[in-house]
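Single-letter residue listing:
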Amino acid sequence: MVNQPTGKKAIQTTLHVTATAPSNIALIKYWGKSDASLNWPANDSLSMTLSQAKTTTTANVQPDAKTPDAHRMAFKTTGAGTIPVRDLGKTTRYLEWLRNEVRPFGSAEGALDILTHNSFPSSCGIASSASGFAALTIAAAAAWTGTKNLDELHRLGITQDILSAWARRGSGSACRSIHGGFVHWVRGEAPTAQKVSAVFSPDHWPLADLIVLIDRGAKSISSTEGHARAFTSPLMNVRMAGLGERLKDAAQAIEMRDLERLGTIIESEAIEMHSVMMTSHPRTDYFSAPTIAFIRWLRESRAAGNLAAWFTLDAGPNPHVICRPQDAAAINAMILDKFPGSTTIHDQTGFGATLQTSQETSTRHQGDSDGY
Ligand code: 2P0
């Protein structure tokens, strides 16, 4: 904060360093972990980074914190002020782990004041942990090291690879949200040998993702718990045996911009993951009756030649419909006509996470209290 006296008034300038991270939709899924504490996945995954569904997070070092781990975090909700975060414990544990990682690159002192905002409603079928932990990682690293953009962070040695590996420890899928376009998370032969990279840029093949909110019920089983159950399914070993080939096929389809081929692969993949979920012990069932009705309608409409669109599913009942951007408006109208109780979010292939600084200038009379 900088105060410049101008007669009886002072110009006050406040810098806000803001991280933004997009959500991503997995085309080849991460489901099951080889090491739960390190988020070492059982298999490689391949995702498409989105652009509209994103988390925006600012972090500032508190000037007056009683203890270094007294982090404060709040959710900003559109038009309704801020609400406290439900599970500050998980975030605090992650931030204390992250602090030790950031320290060798500069400073990592003090407790943080964090304000975060999702562009999409909660419980809507978009995983907020991916964009949330990606944005939190960048915002916290920037606040502790006093950096104002990604270039400055990279100059300190905090590269995209490092940010991605850190975000992964918060939530596995968050590692893919650092990068844009189509992203391959390679499992590697050891937890330390994981690699995450963009294999095709968003410009290579922009695709639309219509997220259909057909069931807004809260998720009954967390993804972390679902991952832990995956290997209790008798289908898991069969799935593991075929996934490498499927991922290669999907990457080739993206390279060739072959939507029918990619669509066929991602539908099989989504159904297979949900089959593993449904045959796990205890059973993890994210499907609802509207999910099944939607899948049937989409497949019948496609077979009748009415649309060129394919679905995938996350760990929830709400389908993601992948189609060409030029077809999205018409397909969206067909969905809303057939399922009038649903709403849709129209998203598309997007770029990765960002870090930006904005400047807020206010004028105040000298002698005004600064609130502390
Ligand atoms: C994915 N999902 O690849 C898969 C597909 C959901 C279905 O990654 O325990 O929130 O935090 O590492 O990343 C959701 O699991 O789990 C997920 P944690 P995460 O996107």
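Residues numbered from 1 in each chain as written. Predicted model: local features only at pLDDT ≥ 70, side-chain atom pairs only at ≥ 80, totals over all residues. Heavy atoms only, no water.

> Would you mind going over the site of the ligand with me for this structure?
The ligand sits among 17 residues. The nearest are Tyr-30, Lys-33, Ser-171, Ser-173 and Arg-176. Side-chain polar atom of Lys-33 to an oxygen atom of the ligand: 2.7 Å apart, as the coordinates give it. Ser-129 has a polar side-chain atom sitting 3.1 Å from an oxygen atom of the ligand. For the ligand, the protein covers 96% of the area, taking 470 Å² as the surface of the free molecule. Of the residues belonging to the shell around the ligand, the class tally is 5 nonpolar, 8 polar and 4 charged. Split by domain, the residues of the shell around the ligand number at least three in each of domain 1 (2-203 + 354-365) and domain 2 (208-348). (Near = heavy atom within 4 Å. Polar contact = N/O pair within 3.5 Å; in protein donor to acceptor, adjacent residues only side chain to side chain. Areas by Shrake-Rupley, 256 points an atom, 1.4 Å probe, with all protein chains shown as cover. Nonpolar A, V, L, I, M, F, W, Y, C, P; charged D, E, K, R; others polar. Domains from an automatic or database assignment.)

> What is the right way to read the pattern of salt bridges from this model?
Note on pairing: side chains with opposite charge can pair once their charged atoms come close. According to the stated counting rule, one finds 13 salt bridges in the structure shown. Residues Arg-99 and Glu-96 are paired through a salt bridge, measuring 3.0 Å at the closest nitrogen-oxygen approach. In this pair, Arg-99 and Glu-96 both sit in helix 1 (residues 88-102), 3 residues apart, roughly one turn of the helix. Each member of the salt-bridge network shares a partner with another, and the members are Arg-239, Arg-246, Glu-269 and Glu-272. (Salt bridge = Lys/Arg side-chain N within 4 Å of Asp/Glu carboxyl O. Helix = DSSP H or I, 4+ residues; strand = E, 2+ residues; numbered from the N terminus.)

> Just checking my understanding: could you explain the domain arrangement of the protein for this structure?
By a frequent convention, interface size equals the accessible area lost on bringing the separate parts together. The domain architecture assigned to the protein consists of domain 1 (2-203 + 354-365) and domain 2 (208-348). Contacts between the two partners involve 30 residues from domain 1, matched on the other side by 40 residues from domain 2. By the criterion of area lost to domain 2, the three top residues of domain 1 are Ile-28, Lys-29 and Trp-31, representing 28% of everything that side buries. Joining domain 1 to domain 2, the criterion identifies 0 salt bridges. Connecting domain 1 to domain 2 are 9 residue pairs in polar contact (both at pLDDT 80 or more). Residue assignment for the side of domain 1 that touches domain 2 shows that the elements contributing at least two residues are strand 2 (9-28), strand 5 (45-61) and strand 9 (182-186). A per-element tally of the side of domain 1 that touches domain 2 places strand 5 first, with 8 residues. In terms of residue class, the side of domain 1 that touches domain 2 is built from 18 nonpolar, 9 polar and 3 charged. (Contact = heavy atoms within 4.5 Å. Buried area = accessible area lost by both parts, 1.4 Å probe.)

> For this particular structure, what's the right way to read the packing of aromatic side chains?
Each aromatic ring pair is characterised by the separation of its centres together with the angle its planes make. Scanning all chains against the criterion turns up 8 aromatic pairs. Here the aromatic cluster, defined as three or more aromatic residues joined through ring pairs, consists of Tyr-94, Trp-97 and Phe-133. For Arg-187, the ring lying beneath its charged end belongs to Trp-40, and the centroid distance is 4.1 Å. (Phe/Tyr/Trp six-rings, centres within 6.5 Å; stacked < 30°, edge-to-face > 60°. Lys NZ or Arg CZ within 6 Å of the ring centre and 35° of its normal.)

> What should I look at first to understand the pairing of strand 13 (residues 319-323) in this one?
Along any regular strand, the residues point their side chains to alternate faces of the sheet. Here strand 13 lies mainly inside the structure; 5 of its 5 residues are buried. Across the two faces of strand 13 the burial is the same, with Pro-319, Val-321 and Cys-323 and His-320 and Ile-322 all buried. One ladder, built from 4 bridges, connects strand 11 (residues 208-213) with strand 13; its direction is antiparallel. Its bridge partner lying in strand 13, Asp-209 is registered against Ile-322. Here 5 bridges tie strand 12 (residues 309-313) to strand 13, and the two strands are oriented antiparallel to one another. Each bridged residue has a counterpart across the sheet, and for Trp-310 the counterpart in strand 13 is Ile-322. Between strand 12 and strand 13, which pair antiparallel in sequence order, lie 5 residues. (Buried < 20%, exposed > 50% of the residue type's maximum accessible area, 1.4 Å probe, protein only. Pairing = 2+ DSSP bridges.)

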